[in-house]
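Summary of the model geometry
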Amino acid sequence: MNESRWDRLLLNATLATFAGDAPYGLIEHGAIALHRGRIAWLGRMDALPAAPDALAAAVVSLDGALLTPGLIDCHTHLVFGGDRAQEFDLRLNGASYTDIAHAGGGIVSTVQATRAATEDQLYAQSLPRAQALHRDGVTTLEIKSGYGLSLDSERRMLRVARRLGRELGISVRTSFLGLHALPPEYRDRRDDYVALVCDEMLPALAAEGLVDAVDAFCEGIGFSPAETRRLFERAQALGLPVKLHAEQLSDQCGAALVAEYGGLSADHLEHLSESGVRAMAAAGTVAVLLPGAFYALRETRLPPIDALRAQRVPMAVASDCNPGTSPLLSLRLAAGMACTLFRLTPEEALRGVTVHAARALGLADRGTLAPGQRADLVAWNVRAPAELCYWIGGELVREVWIGGESAPA
Ligand code: DI6
Ligand code: FE
């Protein structure tokens with residue numbers, strides 16, 4: 001084979017590149033060349049430099065299908081034991097959150113189920129959730145710890161996250177979320193737990209290569225800005241980027257805090273203030289919107305979308321897949337919810353699950369269709385990009401490529 005030829009050339013596609021400022025970065029009647037796992041060329045077919053067969057070892061026609069970057073889910077808690085379906089049932093039969101918490105429900109029940117599971121059991125329970133997201137077009141996945149809340153259990157969660165990436169052939173980025181909830185055995189010793197997380201857990205797990213970023217739940221029912229700051233100081237000393245569950249239920253000034261540390265993202269943001277928006281804009285911190293939790297909790301207060309737009313804060317959208325507040329197994333549905341519930345345009349929502357999601361993970365090598373980007377692509381059985389937000393449910397994926405190779409969904 002002539003070495004100068006590309007590995008693969010895809011023809012007759014509508015390319016939603018999300019590069020540049022044109023809506024969706026759309027290229028009609030497009031072609032895209034993949035070579036050694038990267039995008040080598042893209043443009044209109046009538047701009048190809050030679051006949052397709054002379055250019056590539058393999059030439060495939062996509063019959064006019066839409067082609068996008070692989071979707072990036074930048075906020076999930078998908079590794080966990082058990083589930084909370086019974087709580088869902090209790091709530092809809094009139095039980096309050098307090099009743100459920102007093103009955104041992106809530107995050108604590110997931111912590112118990114996660115601690116009780118072996119690594120293989122945790123993997124087996126989490127695999128279907130990762131497969132569901134992948135089948136719906138996700139090629140890069142962020143997975144948090146935070147249901148172990150002890151060194152061994154947090155390690156087990158992060159090892160399972162890495163294993164899911166290896167077994168599914170998708171990119172997995174891990175976030176350490178030791179400050180997610182106070183474990184029962186530290187109920188009256190929260191300073192000791194914060195010290196355990198900052199001074200023992202994080203350094204040990206980082207040294208084992210299990211941590212790509214550090215997150216915390218900064219909330220009245222979670223951890224304080226001071227406790228969060230202590231964690232961020234340790235993360236900074238270890239050279240790890242930070243992100244934060246911020247302003248979900250109240251204004252703790254968490255967004256300003258993570259922006260102060262040059263953080264990758266502030267996530268949830270229903271209670272984000274104007275000053276928080278300005279701090280994020282100045283720091284380049286991405287706003288990660290989580291409409292699944294807003295929907296499941298029947299929230300009424302919207303994140304300040306207009307202020308984020310006005311300050312040109314990049315908005316990402318993620319599933320927040322977790323057993324309690326967002327048991328959501330479709331990033332595409334999260335994008336649709338971001339339109340219907342948060343009033344994002346389809347173009348904003350789709351940038352939110354591609355280029356802005358990549359930025360929320362600190363990844364510059366993916367999220368757009370452009371020469372040099374990873375060849376992570378999805379061909380969809382739709383014609384127009386807005387359809388990806390418009391159709392509720394359904395299986396719209398025609399084919400997925402990861403690193404330039406066609407991947408079994
Ligand atoms: N915010 C949330 O909505 C989830 N965690 C967090 O920090 C809740 C997780 C759970 O209920 O299991
Ligand atoms: Fe979350």
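What counts as what
- Residues numbered from 1 in each chain as written.
- Chains lettered and ligands numbered in written order.
- Predicted model: local features only at pLDDT ≥ 70, side-chain atom pairs only at ≥ 80, totals over all residues.
- Heavy atoms only, no water.
- Donors = N, O, S within 2.8 Å, 3.2 Å for Na, K, Ca; no water.
- Helix = DSSP H or I, 4+ residues; strand = E, 2+ residues; numbered from the N terminus.
- Buried < 20%, exposed > 50% of the residue type's maximum accessible area, 1.4 Å probe, protein only.
- Contact = heavy atoms within 4.5 Å.
- Phe/Tyr/Trp six-rings, centres within 6.5 Å; stacked < 30°, edge-to-face > 60°.
- Lys NZ or Arg CZ within 6 Å of the ring centre and 35° of its normal.
- Domains from an automatic or database assignment.
- Buried area = accessible area lost by both parts, 1.4 Å probe.
- Salt bridge = Lys/Arg side-chain N within 4 Å of Asp/Glu carboxyl O.
- Polar contact = N/O pair within 3.5 Å; in protein donor to acceptor, adjacent residues only side chain to side chain.
- Nonpolar A, V, L, I, M, F, W, Y, C, P; charged D, E, K, R; others polar.

A look at the coordination of the iron ion (ligand 2)
Listed as protein donors to the iron ion (ligand 2) are His75 (NE2), His77 (NE2), His245 (NE2) and Asp320 (OD); their distances from the metal cover 2.1 to 2.4 Å. Considered as a linear motif, the donors of the iron ion (ligand 2) on their single chain read H-x1-H-x167-H-x74-D. In this pair, histidine 77 sits in the loop between strand 6 (71–73) and helix 2 (85–92) while histidine 245 sits in strand 10 (residues 243–246), placing the two residues 168 residues apart along the sequence. Across the pair, exposure class does not vary: histidine 77 and histidine 245 are buried alike.

A look at the environment of proline 346
As for its position among the elements, proline 346 is in helix 14 (residues 346–352). The exposure class of proline 346 is partly exposed, given its relative accessible area of 28%. In sequence terms proline 346 and glycine 70 are 276 residues apart; their C-alpha atoms lie 16 Å from each other. Sequence-distant contacts of proline 346, that is, excluding residues within four places in its chain, are made with Tyr24, Cys339, Ala386 and Cys389.

Considering the packing of aromatic side chains
Scanning all chains against the criterion turns up eight aromatic pairs. Here the aromatic rings of tryptophan 6 and tryptophan 41 are separated by 6.2 Å at their centres, their planes lie at 25°, and the arrangement is stacked. Of the two residues, tryptophan 6 sits in strand 1 (residues 6–16) while tryptophan 41 sits in strand 3 (residues 38–44), which places them 35 residues apart along the sequence. Accessibility expressed as a relative area gives 14% for tryptophan 6, which makes it buried. When the centroid spacing of 6.1 Å and the interplanar angle of 70° are considered together, the rings of phenylalanine 80 and tyrosine 147 count as edge-to-face. Taken together, the residues phenylalanine 80 in the loop between strand 6 and helix 2 and tyrosine 147 in the loop between strand 7 (138–144) and helix 6 (151–168) connect sequence positions 67 residues apart. Feature note: the residues Tyr186, Tyr193 and Phe223 constitute an aromatic cluster, connected by ring pairs. Between arginine 129 and the ring centre of phenylalanine 80, over which it is positioned, the NZ or CZ distance is 3.6 Å. Across from the ring centre of tyrosine 186, 4.3 Å away, lies the NZ or CZ of arginine 189, which sits over that ring.

What to know about the domain arrangement of the protein
Under the domain assignment, the protein is made up of domain 1 (6–69 + 368–406) and domain 2 (71–360). Listed as interface residues are 28 residues of domain 1 and, on the opposing side, 22 residues of domain 2. For the domain 1 and domain 2 pair, buried surface summed over both sides reaches about 1700 Å², with 65% attributable to carbon and sulfur atoms. A per-residue breakdown of the area domain 1 buries against domain 2 is headed by Phe18, Cys389 and Ile402, which together make up 34% of the total. Along the contact surface separating domain 1 from domain 2 lie zero salt bridges. Our count for the domain 1 to domain 2 interface comes out at eight residue pairs in polar contact (both at pLDDT 80 or more). Listing elements by their share of the side of domain 1 that touches domain 2, those giving two or more residues are strand 5 (66–69), strand 14 (377–380), helix 16 (387–390) and strand 15 (397–402). When residues of the side of domain 1 that touches domain 2 are assigned to their parent elements, the largest contribution, four residues, is made by strand 15. Its residues placed into classes, the side of domain 1 that touches domain 2 shows 18 nonpolar, six polar and four charged.

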